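Structural description and commentary
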Amino acid sequence: MVHYKITYFPIRGAGEIGRQILSYAGQEFEDNRIQGEDWPALKPTTPFGQLPILEVDGKVLAQSHTIARYLARQFQLNGKTAWEEAQVNSIADQFKDYLNEIRSYFVVKMGYGQGDVDALFKDVFLPAFKKNYTFFSNFLKASGSGYLVGDSLTFVDLLVAQHSADLLSANANALDAFPEFKTHQEKVHSDPKLKKWLETRPVTSH
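Just so it is clear, the model here is predicted, and its values are computed rather than measured. Sequence order as written defines the numbering, with residues in each chain counted from 1. Side-chain atom pairs in this predicted model are given and counted only at pLDDT of 80 or more, local residue features only at pLDDT of at least 70, and totals for whole chains, interfaces and linings cover all residues. Processing note: side-chain calculations cover all non-hydrogen atoms of the structure and skip hydrogens and water entirely.

Focus on the sheet that holds strand E4 (residues 59–62)
Strand order in this open sheet of four strands is E2-E1-E3-E4, and the pairing throughout is mixed. Because the sheet does not close on itself, it has two edges, and the strands there are strand E2 (30–33) and E4. Shown here is a sheet whose adjacent strand axes are inclined to one another by a mean of 20°, direction ignored. Two strands are counted as paired when DSSP detects at least two bridges linking them. Under the DSSP-based scheme used, a helix requires at least four consecutive residues in state H or I and a strand at least two consecutive residues in state E, with every element numbered from the N terminus. Inspection of the sheet shows strand E1 (residues 4–8) paired to strand E3 (residues 53–56) by four bridges, in the antiparallel sense. When the bridges of E3 are listed, Lys-5 appears paired with Glu-55. Whether two residues are in contact is decided by their heavy atoms, any of which lying within 4.5 Å being enough. Axis definition: a line fitted to C-alpha atoms, over the contacting stretch in the case of helices. Angles run 0 to 180 degrees between N-to-C directions. The strands touched by helix H1 (residues 16–24) within the sheet are E1 and E2, with E1 carrying the most contacts at an inclination of about 155°. The strands that helix H3 (residues 64–74) touches are E1, E3 and E4; relative to E4, the one it contacts most, it runs at about 120°.

Quick look at the packing of aromatic side chains
A pair of Phe, Tyr and Trp rings is counted when the ring centres sit within 6.5 Å of each other, with Trp represented by its six-membered ring. The angle between the planes then sorts it: under 30 degrees is stacked, over 60 is edge-to-face, the rest tilted. Within the structure shown, the criterion is met by 19 aromatic pairs. Relative to Phe-125, the ring of Tyr-105 has its centre 5.3 Å away and its plane inclined at 35°; by these criteria the two rings are tilted. Remark: Phe-125 occurs in helix H5 (residues 117–143) and Tyr-105 occurs in helix H4 (residues 82–109); sequence separation between them is 20 residues. Between the aromatic rings of Phe-121 and Phe-125, the centroid separation amounts to 5.4 Å while the plane-to-plane angle is 20°, which identifies the pairing as stacked.

Examining the pairing of E3
Here's how the labels work: a residue is buried when its accessible area is under 20% of the maximum for its type, exposed when over 50%, partly exposed in between, all with a 1.4 Å probe on protein chains only. Here E3 shows a buried face lined by Ile-53 and Glu-55 and a second buried face lined by Leu-54 and Val-56. Where E3 meets E4, four bridges bridge the pair, whose relative direction is antiparallel. For Leu-54, the partnering residue across the bridge sits in E4 and is Leu-61. Counting the residues in the hairpin turn of E3 and E4 gives two residues, including Asp-57, whose phi is positive at 50°.

Limitation: the analysis is restricted to geometry and does not speak to function.
In structure tokens, the structure reads:
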């Protein structure tokens, strides 16, 4: 049996997508959550000096979206055709761009940096959120299935649904402008293949 091990900090963050793919697939894995004081010793042993990393029978893979793409292909969560896979990857790349756009806001909001959180919300987060959720909505409407691409769940549904859930947990009205994504989040997170993980994973703020 293949042994999967995901190493990340004790938060959801960039490690969560790999955990969710493996959980959805019903694949056992080692969820290795390291504490901050252990990171300096581990850092030089990682490919790029960052987490998460995925180990597959001891072989190491870095970069969260590369990990997601690899696992999605292994467990058929990457679309049913080459074209669907390309569409999935395009959304994943745009989602990563979106996270980079809003990073300065969340750094301050989560207490990792200093700044005017209200101004950053208005000037950084809101424009990026509206722009990118409009992009994602176009895919959701085009598919007509309740999923972003094709007629089945892919790893970008997991990415977007978790982000939507995080926004809603902070503000119940966060998706008022995009009600289709509240429906999408509920659809994805009510799937029995994922629900067990969501109910039993360690509780963290982000």
